[in-house]
Amino acid sequence: MARQGVRSGQDCAKVMLLLLASTLAQHGASGQQVKVEPEVLSYPGQTVNLRCAFADTTGIQLTMVTWSYEDKEGERMNIAVLHPSHGPNYPDSPLKGRVHFTQSPPTMASPSIQIDDVYMTDEGKYICDFASYPGGSKQGTTQLIMLSKPQNSATTITVDAATKSMVVARCESLNGRPEAQIRWVSTANGNATTTSKLGTDNTVSITSEYRMVPTPEDNGKDISCVVSHRTQATPESFQMKLKVQFAPQVTIVGYDNNWYVGRTNVLLTCQATGNPVPTTVQWKAMTGEMPETVQIKDNQLKVLKVDESINTTFVCEVKNRIGVGRHQITALVRGTRLPEKGATTGSIIGAIIGVIIILAIIGTAIAMYRKHRNKKLNGDGPPKHKPPPPKKNNNTAGRPVITSDVPAAEEHPLQYYSTQDAEPVTDLDAYHDDDNNGVEGGEHYHAAAPSGWDDPRNDDAPPFYERSGDEPEDRRRQGPNVGREDSFVSPAMFV
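A brief look at the structure comes next. (Residues numbered from 1 in each chain as written. Predicted model: local features only at pLDDT ≥ 70, side-chain atom pairs only at ≥ 80, totals over all residues. Heavy atoms only, no water.)

### Looking at the state of the cysteines
Line of reasoning, step 1. For the structure shown, the criterion picks out three disulfides.
Line of reasoning, step 2. Here Cys 171 engages in a disulfide with Cys 225; their sulfurs sit 1.8 Å apart. Here the S-S torsion is close to -65°, and the disulfide linking Cys 171 with Cys 225 is therefore left-handed. Residue Cys 171 is found in strand E14 (residues 166-176), and its partner Cys 225 is found in strand E18 (residues 222-228); the two are separated by 54 residues along the sequence. Note on accessibility: Cys 171 and Cys 225 belong to one class, buried.
Line of reasoning, step 3. Ordering the disulfide-forming cysteines of the protein chain by sequence position, one finds them joined as 1-2, 3-4, 5-6. (Disulfide = S-S within 2.5 Å. Helix = DSSP H or I, 4+ residues; strand = E, 2+ residues; numbered from the N terminus. Buried < 20%, exposed > 50% of the residue type's maximum accessible area, 1.4 Å probe, protein only.)

Pasting the structure below:
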């Protein structure tokens, strides 16, 4: 028994699924059999074509076609009927006289209709319904959307500076269909409120107001109203400036707190801003009467010569239609002139640091330049100077000691040698005595150790022989005598 109950439940579920699938299939087939346009756009006064066709009438008999209109409240009314025997008929409706079938005579398979001089109130759903045998009723729906380009405008509202929120700008999009969208762009701190109103012809009017607490600082700020609508290719923008009226804001400039007796031609200027523009400027002295050495012209007060009578408070009053603004300054007359202010400690320290940085940069540049120059001059070859000849000291028992004598470098200046079309070189093995510059027959020696220095016959001779004209030629050619076991050190080797 239990098994039979389960089986019967499964069978019922299968039947329900089959019925549901059959219903969906019929609905899909119906939607495919009746061809209509899902949406049609139109402006008032135009002619609208609402097309409808039965896709395949094979095995189906069309008995009647009915066009009906459904408004936004859901009420439906017939506007056109087509019978294969009785022909077309147009029942009473708001569209009677303006609606008719497009073909004459109309056909049951393609009963499209046309509406002339459409109104905004004609917007809604239009249903094309086929009565058929044996398929029953099959229908398709077209949504007619009426478009109306709105009239857009925007303006600012002149307000007085206040402490409460008020409307400072208004933007309107009137008689549009569908409803327009409005947004605000401004640097002012405010917010917008938007209202809509439905017209008698099914159009919609939108009004948006920008509200804020206006201050003098808000005067002249940019504000824009941007209107977007389906009939516009791009949003329409209205750029404006806020208009906030306020009493004059006054400031006196020119007093430097250094009015001393005898100073001449000091000037005070009364500066004021206001909306509307200030109309009058008036100077007053708190002591009552203006000193005799004072001259007033428009918004300037000039003191020809400072004396004790200038020791008072000057007041500047500026008026416009909104109100009065004032500012005052008290002049203190000094007996002597204040010393001029020197540079502050911070500026002095800053200047010193700047000089140090500049000097460091210059020093670094010079060092790098010298290093680069020396590297370029020296290269990888031998040094470019000729070391001075060594001297021999007899401070040991009969054995000469060669030492480096720094003054010898001064007695024998450096000599440079070069060859044409080649890199400059220095002959380190040649030595030329300055005392022999004027003697004929002077010779240069080209050996690391002159041959005369290796002669054992000259162990007791001084390091250098003086070259005189009465000495033998061989003696004059001899250089310092150094033993084979002794070492020769030149000043260049100590570097």
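### Regarding the environment of Ser 224
Line of reasoning, step 1. In this structure, Ser 224 sits in strand E18.
Line of reasoning, step 2. The exposure class assigned to Ser 224 is buried, which follows from its relative accessible area of 13%.
Line of reasoning, step 3. For the pair Ser 224 and Thr 156, spaced 68 residues apart in sequence, the C-alpha separation works out to 9.8 Å.
Line of reasoning, step 4. What Ser 224 contacts, discounting residues up to four positions off in sequence, is Arg 183, Trp 184, Val 185, Ser 237, Phe 238 and Gln 239. (Contact = heavy atoms within 4.5 Å.)

### Section: the pairing of strand E10 (residues 124-133)
Here is the key point about a regular strand: its side chains alternate between the two faces of the sheet.
Line of reasoning, step 1. With nine bridges connecting them, strand E5 (residues 61-70) and E10 associate as antiparallel partners. In the strand pairing of E10, Gln 61 is matched with Tyr 133.
Line of reasoning, step 2. Note that E10 and strand E11 (residues 136-146) share nine bridges and pair antiparallel. By the bridge assignment for E11, Ser 132 is matched with Gly 136.
Line of reasoning, step 3. The turn joining E10 and E11, which pair antiparallel and follow one another in sequence, is formed by two residues. (Pairing = 2+ DSSP bridges.)

### Section: the nonpolar core
Within soluble globular proteins, side chains that are nonpolar tend to cluster in buried spots.
Line of reasoning, step 1. Leu 50, Trp 67, Ile 79, Ile 113, Ile 115, Tyr 126 and Phe 130 are the most contacted members of the largest nonpolar core, which totals 26 residues.
Line of reasoning, step 2. Looking at this core, the elements with two or more residues in it are strand E3 (48-50), strand E4 (52-54), E5, strand E6 (76-83), strand E8 (99-101), strand E9 (113-115), E10 and E11.
Line of reasoning, step 3. Not counting the four nearest positions on each side in its chain, Ile 79 is found in contact with Trp 67, Ser 68, Tyr 69, Tyr 90, Pro 91, Ser 93, Leu 95, Val 99, Ile 113 and Tyr 126.
Line of reasoning, step 4. Counting residues in each nonpolar core, the second largest holds 20 residues, with Met 166, Trp 184, Val 227 and Leu 242 among its members. (Core = buried A, V, L, I, M, F, W, Y, C linked by side-chain atoms within 4.5 Å.)

### Side note on the sheet that holds E11
Line of reasoning, step 1. Here we have six strands laid out as an open sheet, ordered E2-E11-E10-E5-E6-E7, and mixed in their pairing. Only two strands of the sheet have a single neighbouring strand rather than two, namely strand E2 (39-42) and strand E7 (87-89). Recorded for the sheet is a direction-independent mean angle of 20° between the axes of neighbouring strands. (Axes fitted to C-alpha atoms, helices over the stretch in contact; angles between N-to-C directions.)

### Comments concerning the pattern of salt bridges
Line of reasoning, step 1. Here the structure, examined in full by the defined rule, presents twelve salt bridges.
Line of reasoning, step 2. When the shortest N-O distance is used, the salt bridge between Arg 230 and Glu 39 registers 3.3 Å. With Arg 230 in the loop between E18 and strand E19 (236-241) and Glu 39 in strand E2, this pair connects stretches of sequence that are 191 residues apart.
Line of reasoning, step 3. Note on Arg 230: relative accessible area 45%, which makes it partly exposed. (Salt bridge = Lys/Arg side-chain N within 4 Å of Asp/Glu carboxyl O.)

### Observations regarding the environment of Asp 117
Line of reasoning, step 1. Its place among the elements puts Asp 117 in the loop between E9 and E10.
Line of reasoning, step 2. The exposure class assigned to Asp 117 is partly exposed, which follows from its relative accessible area of 38%.
Line of reasoning, step 3. Separated by 18 residues in sequence, Asp 117 and Val 99 have C-alpha atoms that sit 9.6 Å apart.
Line of reasoning, step 4. Dropping the residues within four chain positions of it, Asp 117 is found in contact with Gly 45, Gln 46, Thr 47, Arg 98 and Asp 122.

### Comments concerning unusual backbone geometry
Line of reasoning, step 1. Omega for the peptide link from Tyr 133 to Pro 134 comes to 5°, which places this bond in the cis form.
Line of reasoning, step 2. As for its placement among the helices and strands, Pro 134 is situated in the loop between E10 and E11.
Line of reasoning, step 3. Cis geometry is adopted by the peptide bond preceding Pro 276, which originates at Asn 275 and carries an omega value of 5°.
Line of reasoning, step 4. Tracing the backbone shows Pro 276 in the loop between strand E22 (264-275) and strand E23 (280-285).
Line of reasoning, step 5. Of note in this structure, Asn 175 is not a glycine but carries a positive phi near 55°.
Line of reasoning, step 6. Positionally, Asn 175 belongs in strand E14.
Line of reasoning, step 7. A positive phi is found at Asn 265, a non-glycine position, where the angle reads about 55°.
Line of reasoning, step 8. Along the chain, Asn 265 falls in strand E22.

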